[in-house]
Amino acid sequence: MIEGSPYPVYLVSGDELIITLANRATLEAWGRDMSVIGKRFNEALPELHDQPFESLIRQVMRSGEPYHALNDRADIMINEELQTYFYNFSYQPLFGEEGETIGVVCYATNVTEQENARLSEIKLRHSTDLAQMQRKLAIEGARLATWSIDPETKIGHYSPVLNEMLGHSGAVPLTYQEQLAQISPEFRQQVVDAIAHTIRTGEDYDVTYSQRRLDTGELVWLRALGRPVKNEEMSISLISGVIMDVTLQVRATQEIQQLHEEARESNEELAVINEEMSASNEELTESYHLLELSEGRFRNIIVQAPFAICVIRAEDLIVSEVNDRYLELVGKKRVELEGKNIWDGVPEAAEVYEPVMQQVIRRAVAFHAKEAELYLLRQGKPTQVFVDFVYEPVCDTKGEVSAIMVVGIDVSEKVLARQAVEEMEERIRLAVEAAEMGTFDYDYGTQELLGSERFYEIFGVPIGSSREEVINTYHPEDRSLSAEAHERAKTSGKILYEARLMSGAGSMRWVRFQSNVYFDGGGNPVRTLGTVLDITEFKALQQQKDDFISIASHELKTPLTSLKASLQLLERMKDQPNPLSFPRLITQAAKSMDKISELVDDLLNVSRINEGQMLIRKDWFDIDDLLHSCCATFRENSGKQFPIQTTAGLKVFADEHRIEQVLVNLISNAIKYAPESAVINLIAVQISSSVKVEVRDNGPGISQEKIPHLFDRYYRGDSSGIQVSGLGLGLYISADIVRRHGGEIGVESRLNEGSTFWFTLPNPQ
């Protein structure tokens, strides 16, 4: 089809511009034969060396943008004689696998006859050009008036020259409103709209209008040119420009119109020529369309393209052309697609993209998809792929879509790699947020500190605060730690230190800084990136742990000392036992062992809780029996009264031994912390689907700030100043036992009003 085209078509490839394809019309236009194929463009056509065609081709190769020219001159050596021709031509880029330009295709039409006719028209217009030149000289010689307008206040300033143009003899220049009032009514709104357009868009101002001179009433024509001036905020603060008297030019234009009347006959002849040219252009467009749809049009180019290409007829969606890259992309064989309906070949994509393709056919507007996610059947298995593709409509001479060209590139690897990076960044972000860390970036050169929202929240300073403002929140004794850590980091490359912060309420918090320092080529620190963490609770836990170790050592030392003393005395009297002292020492040793056993049991229970090994063995038992059993021992040793209020026969399904631990702990705490309470009440009632057990004393009560911490590990509350023994683990263990049963535990207390410790156990009726 290319070879038989009556219009020159040729292809130039590579950086050396090798002629790889030229049809017969091209060779005739060049006056050459087939020997030019394979030669460089400048070697085949040396007479074009000083003409722009080679540079234009290289421009298209570099930019990837097409170039079009009309009535362009070409001096070509024909039969050893340099002859002048005129062509309409188009340079179209040809793209390779990576999107680079690998060649340029040229389509040309000889318009020498039409151009010669146009030159004749130029001669006819010589007189018109002369008049236009006279008008230009008149404009250049005219005096110009300057003007400016404030877009907000509409206050205008004009040079005295404008007064002369308007015949205004007054000492005070005309205002903007007075100037508008003098403009002819038919142009007044046009001037106002033009100024408003400049203010709105920032585009230059250019308007021509007429008005009457104030002194003679003569009609004058003025042309105002202006340009907006922007301030530092890039908003328009002023419009300024010049005004010129174009009365002579307007009159000259009117005279030129008379000349145009005289040249009408010549224009009619040119119109006939233009119609012939239009017919030729339509014929050329139709030829281009036929070339696009031809089975052989650049068949090899499509086949060898480094990206997926598929051409689909618009009328029936039959695949007319498809290359191997497209077949690889959709995972199909050629027999499954070529000559078949596209959605029969790729049914898995039809639901989403068939409506899109129909819309492209209806509207003749290309559809671009970037990183579109598809699930294509490859070897019978759904495979996730990401594709950049375009549905490009191919239109005929009537503007109707005759085909759709699908061009696609598989970008799955790029997308998956980016998603992996984004997922990792999101994990890091979530980890930082979950750890409630603040992040920061400090520039040593600019001393600029950039922190996360959590960073500023930790220090209680506004977002954007400086490093100095952050350090001012430190405890006075710790403010030197930052400078010392940065100094050490010059050799270690790392910053790690802990500091105390003083809050507005006078309380103190701990923070830990950790960051890496980055250096330039000269070993100078450039910036540091790191995190800050509020470790107040960690410090408190450390303190609790230290206190626990101290308390545990003390609590164990007392019974161990007593046990050791009893054993030493027993050792001495083993040969001659004292009937009075011997039983007492045995009893004292047993009590010491019971105390040691109790402390060790508490430690073992905490260990089991931490390891999830606290076993619960449930069975039915009578809660009333358990309450009486627990109180029996305490009645003998404490001398207190233990009234019990419960329903006879109230049974629960729970671990009786563990619930006994809870009751014993609550009762012993009531005895220890409320020594003046002669009565300790025990209550067990059925409430809805649970049994609620209460231990109530009339002691000094507990302050409200201590109640939230009573069930924490190692916490020892004492609101009365009474020194009591214990590790601070009893309530912590009791709370875990109750929660493992699915119940709740709590306390109600006010100072000087006693305390009520309670827990519930599920007990559906």
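Structural data are supplied above this passage.
Residues numbered from 1 in each chain as written. Predicted model: local features only at pLDDT ≥ 70, side-chain atom pairs only at ≥ 80, totals over all residues. Heavy atoms only, no water.

> An account of helix 19 (residues 481-492) is needed here, citing residue identities and associated values.
Taking 1.5 Å per residue, 12 residues should reach 16 Å; helix 19 reaches 16 Å between its end C-alpha atoms and fits that length. All of the buried residues along helix 19 are Ser482, Ala485, His486 and Ala489. Seen end-on, helix 19 carries its buried residues on one side only, within an arc spanning 100°. Elements in contact with the buried residues of helix 19: helix 18 (467-471), strand 18 (494-502), strand 19 (508-519) and strand 20 (525-534). The first or second residue beyond helix 19 is Gly493, which carries a positive phi of 80°. (Helix = DSSP H or I, 4+ residues; strand = E, 2+ residues; numbered from the N terminus. Expected span 1.5 Å × (residues − 1). Buried < 20%, exposed > 50% of the residue type's maximum accessible area, 1.4 Å probe, protein only. Arc of directions from axis to C-beta. Contact = heavy atoms within 4.5 Å.)

> How would you sum up the pattern of salt bridges? Please name residues and give values.
Across all of its chains, the model carries 28 salt bridges by this definition. Between Lys490 and Glu487 there is a salt bridge; the shortest N-O distance is 3.3 Å. With Lys490 and Glu487 both in helix 19 and three residues apart, this pair spans about one turn of that helix. On the basis of relative accessible area, Lys490 is assigned to the partly exposed category, the value being 46%. Under the relative-accessibility criterion, Glu487 is labelled partly exposed at 48%. Through salt bridges with shared partners, a single network forms among Glu371, Lys414, Arg418 and Glu422. (Salt bridge = Lys/Arg side-chain N within 4 Å of Asp/Glu carboxyl O.)

> Talk me through the side chain of Ser465; I want residue IDs and the actual numbers.
On the secondary structure map, Ser465 appears in the loop between helix 17 (453-459) and helix 18. Separated by 2.6 Å, the side chain of Ser465 and the backbone oxygen of Pro462 make a polar contact. Aside from chain neighbours lying at most four places away, what touches Ser465 is Leu449 and Tyr456. (Polar contact = N/O pair within 3.5 Å; in protein donor to acceptor, adjacent residues only side chain to side chain.)

> Can you break down unusual backbone geometry residue by residue, with the values?
Phi is positive for Glu80, close to 60°, though the residue is something other than glycine. Residue classification places Glu80 among the exposed residues on the basis of a relative accessible area of 78%. Here the phi dihedral of Ala364 falls at roughly 60°; this positive angle occurs in a residue that is not glycine. Structurally, Ala364 can be placed in the loop between helix 15 (350-363) and strand 13 (367-378). Ala364 sits in the partly exposed class, given a relative accessible area of 30%.

> If you had to explain the sheet that holds strand 8 (residues 205-212) to someone new, which residues and values would you point to?
With antiparallel pairing, the five strands of this open sheet are ordered in space as 7-6-10-9-8. The open sheet has two edge strands with one neighbour each: strand 7 (156-158) and strand 8. Recorded for the sheet is a direction-independent mean angle of 25° between the axes of neighbouring strands. Sheet topology places strand 6 (residues 144-149) next to strand 10 (residues 236-245); six bridges connect them, and they run antiparallel. Residue pairing for strand 10: Thr146 is matched across the bridge by Val242. (Pairing = 2+ DSSP bridges. Axes fitted to C-alpha atoms, helices over the stretch in contact; angles between N-to-C directions.)

> Tell me about the sheet that holds strand 16 (residues 437-443), residues and numbers included.
Ordered in space as 17-16-20-19-18, the five strands form an open sheet in which the pairing is antiparallel. In this open sheet, the two strands that pair with only one neighbour each are strand 17 (449-451) and strand 18. In this sheet, adjacent strand axes meet at a mean angle of 20° when their direction is disregarded. As paired strands, strand 16 and strand 20 are joined by seven bridges and run antiparallel to one another. Directly across from Tyr442, in strand 20, lies its bridge partner Thr528. Sheet strands in contact with helix 19 are strand 18, strand 19 and strand 20, and its direction is about 175° off that of strand 18.

> Any details on the nonpolar core? Residues and values, ideally.
Membership of the largest hydrophobic core comes to 40 residues, with the highest contact counts inside it found for Ile667 and Phe759. Elements with a minimum of two residues in this core: helix 22 (623-638), strand 23 (651-654), helix 23 (656-673), strand 24 (681-687), strand 25 (690-697), helix 24 (730-740), strand 26 (745-749) and strand 27 (755-762). Top contributing element to this core by residue count: helix 23, with seven residues. Residue contacts for Phe759: discarding those within four places in its chain leaves Ile659, Val662, Leu663, Leu666, Val691, Lys692, Val693, Val738, Glu744 and Ile745. The next biggest cluster of nonpolar side chains, apart from the first, holds 33 residues, and it includes Val330, Ala350, Ile361 and Ile404. (Core = buried A, V, L, I, M, F, W, Y, C linked by side-chain atoms within 4.5 Å.)

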